[in-house]
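Observations on chain architecture
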Amino acid sequence: MRYGHFDDERREYVVTRPDTPLPWINYLGSEDYFALVSNTAGGYSFFRDARLRRLIRYRYNNAPLDVGGRFLYVRDDDTGDYWNPGWQPTQRELEDYTCRHGLGYTVIAAARGGIRTETTYLVPPGETLEVWRTRVTNDRPIAARLSLFGAVEFCLWDAQDDATNFQRNLSTGEVRVEDGVVYHLTEYRERRDHFAWFACSVPVAGFDTSREAFLGAYRGWDRPLAVEGGRLSGSIAHGWQPVGALHATLVLEPGESRDVAFVLGYTENPADDKFDPTDSDRPNTARARALIERYREPGQTDEDLAALQATWTDRLAGLQVTTGDPHVDRMVNIWNPYQCMVTFNLSRSASMFESGIGRGMGFRDSNQDLLGFVHMIPERARARILDIAATQLPDGGAYHQYQPLTKRGNHDVGSGFNDDPAWLVLGVAAYLKETGDRAILDVPVPWDNEEGSQTPLHDHLRRCIDFTLGRLGPHGLPLIGRADWNDCLNLNVFSDRPGESFQTAPNRPGGVAESVFIAGLFVLAAREASAIARLRGDETEASRCAAAATAMTGSIEAHGWDGAWYRRAYDHVGNLVGSAENDEGQIFIEPQGMMAMAGVGLGDGRTRTAIASVRERLATPHGIMLQQPAYATYHLELGEISSYPPGYKENAGVFCHTNPWLMIAEAITGNGDGALDYYLRINPSAREAISDVHRCEPYVYAQMIAGRDAPTHGEAKNSWLTGTAAWNMVAISQWILGIRPEHDGLRVEPVLPESWTSFRATRRFRGTTYDIDVRREPGGGTVGGSDDLVSERGPRVEVVVDGRPIEGTRIPLPGSGTPLVRVEVRLA
Ligand code: GLC
Ligand code: GLC
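Residues numbered from 1 in each chain as written. Chains lettered and ligands numbered in written order. Predicted model: local features only at pLDDT ≥ 70, side-chain atom pairs only at ≥ 80, totals over all residues. Heavy atoms only, no water.

Let us look at the overall build of the chain. Tallying secondary structure elements over the chain gives 20 helices and 43 strands in all. Since a compact globule built from 828 residues should have a radius of gyration of about 28 Å, the 28 Å found for the chain is in line with a globular shape. By the burial criterion, 64% of the 828 residues in the chain qualify as buried. Taking contacts inside the chain between residues at least 6 apart in sequence as the whole, the part at least 24 apart equals 67%. A total accessible area of about 28,500 Å² is found for the chain, and carbon and sulfur atoms account for 49% of it. Counting 84 positive and 111 negative side-chain charges, the chain places the centres of these two groups 1 Å from one another. (Helix = DSSP H or I, 4+ residues; strand = E, 2+ residues; numbered from the N terminus. Rg over C-alpha atoms; globule rule 2.2 N^0.38 Å. Buried < 20%, exposed > 50% of the residue type's maximum accessible area, 1.4 Å probe, protein only. Contact = heavy atoms within 4.5 Å. Areas by Shrake-Rupley, 256 points an atom, 1.4 Å probe, with all protein chains shown as cover. Lys, Arg positive; Asp, Glu negative; His and termini not counted. Charge placed at Lys NZ, Arg CZ, Asp CG, Glu CD.)

Here it is, written out as structure tokens:
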């Protein structure tokens, strides 16, 4: 069953009924101002940091789940009937409801009783404000007298404090209203240099700033007294719950349309320019007023939307493909890069599954998010790498997260995840391969943000490698610390206290828990670090890293192989995890994919054996489960993983982040069918037809799909903010389509499914556009791959660049300034 459809032409998903199984959301803003907006106009907004600079209040985990946030009411002033064009919260019946989620904007259209509205929500590029522009049309044969009410409930900036510290903050709220603009000024007089404001593009008939005055005693947002009566009372909030509510009136002749925009903005003032006049306590609103003026101009929102769409056309031009498979094309061309941008911006902070107060930017997560994003806006990837590296600890270790506003690391969500540093190497490697910008390696970067501690970025990479080498266990494998990529494999925690967080509880000392997964990740990272050192001409470091990778490969071969797959770990006392010896959790997906990516086991057939084991034991029609058999009982020695019911999350859910690793492994071993098969199992567009099972948005990946052991097998959760976005982008574009940036050129090495005979792609790479045409000759093979794969599978690959055949599959870099290179790949 479907709840809408894709409109690929307009790059939109069109939701056609408001009661989707879960809120189907979108994000507005991509620089400083961000907003979540659901298909019923719910959600909230913030400046940079979802926790520390929250603009509007939101009640999580509500019933229903999503009860508005951007409140917009239309009232028929002749009859007193009123409704929300986004359906929530009044749920009054609508005719012709559609919600179009586009790239950075959402348009909700609806009609009731002959009054049509179309509301465009967006954050204009470069601005710290959001617009809700409603075009109201009178389809009645007679004139209509209408009111529009726009309202927001202000959050008192720190969303954590706002949700807990009532004794203080029910007394701190302050507002001011001038010229029909509501200014939210809590703490501005004292310690803040910023305020929010809520304005309307037309002169308003009234306002309210006290929530109680607007809603009425004992009423909720579904029945505001002021809307019911058609009149706002001009209330001024002193403490309690300040809101911004504005009333616009309009009389529309038959067939007439009019635009009304509500604008919510955020303004910062320099410390010496906070007040106007300077020695008064009247806030300086000049900057805000200039912006508000702009939205009094009709057409401003259309211009903003056009600018936004142009920005996205340009970003997406980094890679466009035509394969003939709509699920591949629309995900690669539109939705997957879009999701990558959102995960890059927000890490795991704010979604319908992340409260915005729990987590900031993850060290491991942000490095992986780069992988799917770097080709779109390399300069922002560069800045991000430097921010992340600046939080690194002097011993090469990492804070697990940092707050985007302060850019300082903290231990709020735990520490001591021993895989963290290795991901920095992969992030930097991806950036270098994409851009060739070697200068970044010499940029001085502080340690733990300590002024004066700067050393060049390449030194940070060196210490990433040292970090692992300094923490090896009895089998020569890396010690796991609190956990590795799998946050829930807490082999040193032994928690039996109810409610204790596995992620922050103390580790039991003296253990020898080792991670086979980190070993594979380390081999990959050490190889990348070696290649990076070679770029700088540092042969000593290059050989050191290469030797470390070889030694670690030896440890994996000796102690990581279980007979038919790679083991997962050794626990605190040295017992196996992820082995046929275990009763539960015999085989885990993570090391199987990682080893292939690291090149471990390719030569000795182990990769193929491991891949076959995954297919046999872990694959389901809804994707590949994280491990099997699921833990049916709690294992004190394993930690959080066994605290989840079987089939959910890390306990044998389909943890989608890891599935692309297997797609890549399949592609590396030349099996295009296997790779695409896995790709389509979790591809949200391919799952659209089962939206009643999948339940999350069909246009973005979810972190998890319930596994076979779960009663709700196939149901997705935790959509949007997941490493699944970046890794699927990598798997499909770099390994299946095979368009892969390398240090000295773009490689084109597709591994096609049998059913494909050709595809076209354009890829922007270091300023040149590559026009790529891949074709199989009749009877030709499917693998454009490396020499051993080609000889194994027989086919011949021929790459012709601008009419001239080249050796191999890597296209030599053209002279700088070359606008276009034509690449033909023939599989004979
Ligand atoms: C979540 C975390 C990520 C972790 C994964 C597996 O997605 O954000 O860091 O690797 O879970 O536990
Ligand atoms: C990761 C996991 C999640 C776990 C969390 C702990 O995000 O996906 O299952 O609860 O880490 O912080």
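We are not done yet, so read on.
Time to look at the sheet that holds strand E43 (residues 820-827). Read from one edge to the other, the open sheet built from six strands follows the order E20-E38-E39-E43-E40-E41, with strand pairing classed as mixed. Each edge of the sheet is formed by a strand with only one pairing partner; in this case those strands are strand E20 (319-322) and strand E41 (804-806). Strand-to-strand twist in this sheet, taken as the mean axis angle between neighbours without regard to direction, amounts to 20°. As paired elements, strand E40 (residues 797-801) and E43 share five bridges and run antiparallel to each other. Looking at the pairing, Val800 lines up with Glu824 of E43. (Pairing = 2+ DSSP bridges. Axes fitted to C-alpha atoms, helices over the stretch in contact; angles between N-to-C directions.)

Let us look at the site of ligand 1. As a matter of local geometry, ligand 1 sits amid Arg348, Arg359, Arg364, Asp365, Trp485, Asn486, Asp487, Glu650, Phe655 and Gln703. One nitrogen or oxygen atom from the main chain of Asp487 is found 3.0 Å from an oxygen atom belonging to ligand 1. One of the side-chain N or O atoms of Glu650 is found 2.5 Å from an oxygen atom in ligand 1. In isolation ligand 1 exposes 310 Å². Once the protein is present, 97% of that is buried. In terms of residue class, the shell around ligand 1 is built from two nonpolar, two polar and six charged. (Near = heavy atom within 4 Å. Polar contact = N/O pair within 3.5 Å; in protein donor to acceptor, adjacent residues only side chain to side chain. Nonpolar A, V, L, I, M, F, W, Y, C, P; charged D, E, K, R; others polar.)

The buried fraction of strand E10 (residues 105-112) amounts to eight of the eight residues, a majority that puts the element mostly inside the structure. Residues Tyr105, Val107, Ala109 and Ala111 of E10 are buried on one face, and the alternating residues Thr106, Ile108, Ala110 and Arg112, pointing to the opposite face, are buried as well. Sheet topology note: the strand E9 (residues 95-101)/E10 ladder contains five bridges and is antiparallel. The partner of Arg100 across the bridge, within E10, is Val107. From the end of E9 to the start of E10, which pair antiparallel, there are three residues, and Gly104 there has a positive phi angle of about 85°. Where E10 lies against strand E11 (residues 115-122), eight bridges are found, and the strand directions are antiparallel. Residue pairing for E11: Tyr105 is matched across the bridge by Leu122. Between the antiparallel neighbours E10 and E11 lie two residues, among them Gly113 with a positive phi of about 55°.

The step from Ala63 to Pro64 runs through a cis peptide bond, and the omega angle for that step is -5°. Looking at where Pro64 falls in the secondary structure, it is placed in the loop between strand E6 (54-56) and strand E7 (71-76). In this structure, the amide linkage connecting Gln88 to the following residue, Pro89, adopts the cis form with an omega of -5°. Relative to the helices and strands, Pro89 is located in the loop between strand E8 (82-83) and E9. The residue Asn718 is not glycine, and still its phi comes out positive at about 55°. Position of Asn718 among the secondary structure elements: in strand E35 (residues 716-719). Backbone geometry at Trp720 places phi at a positive 80°, although glycine is not the residue there. On the accessibility criterion, Trp720 (0% relative accessible area) is buried.

A word on the pattern of salt bridges. Counting across every chain of the model gives 75 salt bridges. In this structure, the salt-bridge partner of Arg57 is Glu153, at a minimum N-O distance of 2.8 Å. A residue pair is termed long-range when its members are at least 10 positions apart, and Arg57 in the loop between E6 and E7 and Glu153 in strand E13 (residues 144-157) qualify at 96 residues. Note on accessibility: Arg57 and Glu153 belong to one class, buried. (Salt bridge = Lys/Arg side-chain N within 4 Å of Asp/Glu carboxyl O.)

To continue, consider the environment of Ala619. Take Ala619: it is sitting in strand E30 (residues 619-620). On a C-alpha basis, the gap between Ala619 and Trp423 in space is 27 Å, while along the polypeptide they are 196 residues apart. Excluding residues that lie within four positions of it along the chain, Ala619 makes contacts with Val614, Ile624, Tyr678, Arg681 and Arg708.

Within an α-helix, residues lying three or four positions from one another point in the same direction, as the helix has 3.6 residues per turn. With 13 residues, helix H9 (residues 378-390) ought to run about 18 Å at 1.5 Å a step, and its terminal C-alpha atoms sit 18 Å apart, in line with that. All of the buried residues along H9 are Ala381, Arg384, Ile385, Leu386, Ile388, Ala389 and Ala390. (Expected span 1.5 Å × (residues − 1).)

Read from one edge to the other, the open sheet built from ten strands follows the order E1-E2-E9-E10-E11-E12-E19-E16-E15-E14, with strand pairing classed as antiparallel. Whereas interior strands pair on both sides, the edge strands pair on one side only; in this sheet they are strand E1 (4-7) and strand E14 (175-178). The mean angle between the axes of side-by-side strands here comes to 15°, regardless of whether they run parallel or antiparallel.

A few words now on the packing of helix H11 (residues 457-469) against helix H13 (residues 539-559). When two helices pack together, you describe them by how their axes are tilted relative to each other and by the distance separating the axes. Two elements in contact, H11 and H13, have axes separated by 12 Å at closest approach and are oriented at 30°. Taken together, the axes of H11 and H13 are roughly parallel relative to one another. H13 is crossed by H11, and the crossing has left-handed handedness. Together, Arg462, Ile465, Asp466, Thr468 and Leu469 of H11 and Glu541, Arg544, Cys545, Ala548 and Met552 of H13 make up the contact between the two elements. Within the contact of H11 with H13, the residues separate by chemical class into five nonpolar, one polar and four charged. (Parallel < 35°, antiparallel > 145°, perpendicular 65-115°, else oblique. Left-handed = near helix turned anticlockwise from the far one by under 90°.)

Attention now goes to the site of ligand 2. Looking at ligand 2, the residues that line it are Arg359, Asp487, Cys488, Gln503, Glu640, Tyr644, Lys649, Glu650, Phe655 and Gln703. Interatomic distance of 2.9 Å between a side-chain N/O atom of Asp487 and an oxygen atom of ligand 2. Lys649 has a polar side-chain atom sitting 3.2 Å from an oxygen atom of ligand 2. Out of a free accessible area of 310 Å², ligand 2 has 81% covered by protein chains.

Our focus in this paragraph is the packing of helix H8 (residues 363-371) against helix H10 (residues 420-435). For the pair H8 and H10, interaxial distance at closest approach is 8 Å and the crossing angle is 20°. As summarised for this structure, H8 and H10 are arranged roughly parallel, according to the angle between their axes. In terms of crossing hand, the pair formed by H8 and H10 is left-handed. From H8, Phe363, Arg364, Asn367, Gln368, Leu370 and Leu371 reach across to H10, where they touch Asp420, Pro421, Trp423, Leu424, Leu426, Gly427 and Ala430.

What follows concerns the confidence of the model for the chain. Reading predicted coordinates in detail is not appropriate for stretches of low pLDDT. Considering every residue of the chain, the mean pLDDT works out to 96; 99% of them sit at 70 or more. Highest mean pLDDT in the chain belongs to strand E29 (residues 587-588) (99); lowest belongs to helix H20 (residues 787-793) (53). (pLDDT = per-residue confidence, 0-100.)

Two measures describe an aromatic ring pair: the distance that separates the ring centres and the angle between the ring planes. Per the counting criterion, the structure on display carries 36 aromatic pairs. Plain terms: the ring middles of Tyr44 and Phe46 are 6.3 Å apart, the flat faces sit at 40° to each other, and that makes the pair tilted. Each member of the pair, Tyr44 together with Phe46, is buried. Summarising the aromatic geometry, the rings of Phe47 and Tyr266 are spaced 4.1 Å apart at their centres and angled 15° between planes, so their arrangement reads as stacked. (Phe/Tyr/Trp six-rings, centres within 6.5 Å; stacked < 30°, edge-to-face > 60°.)

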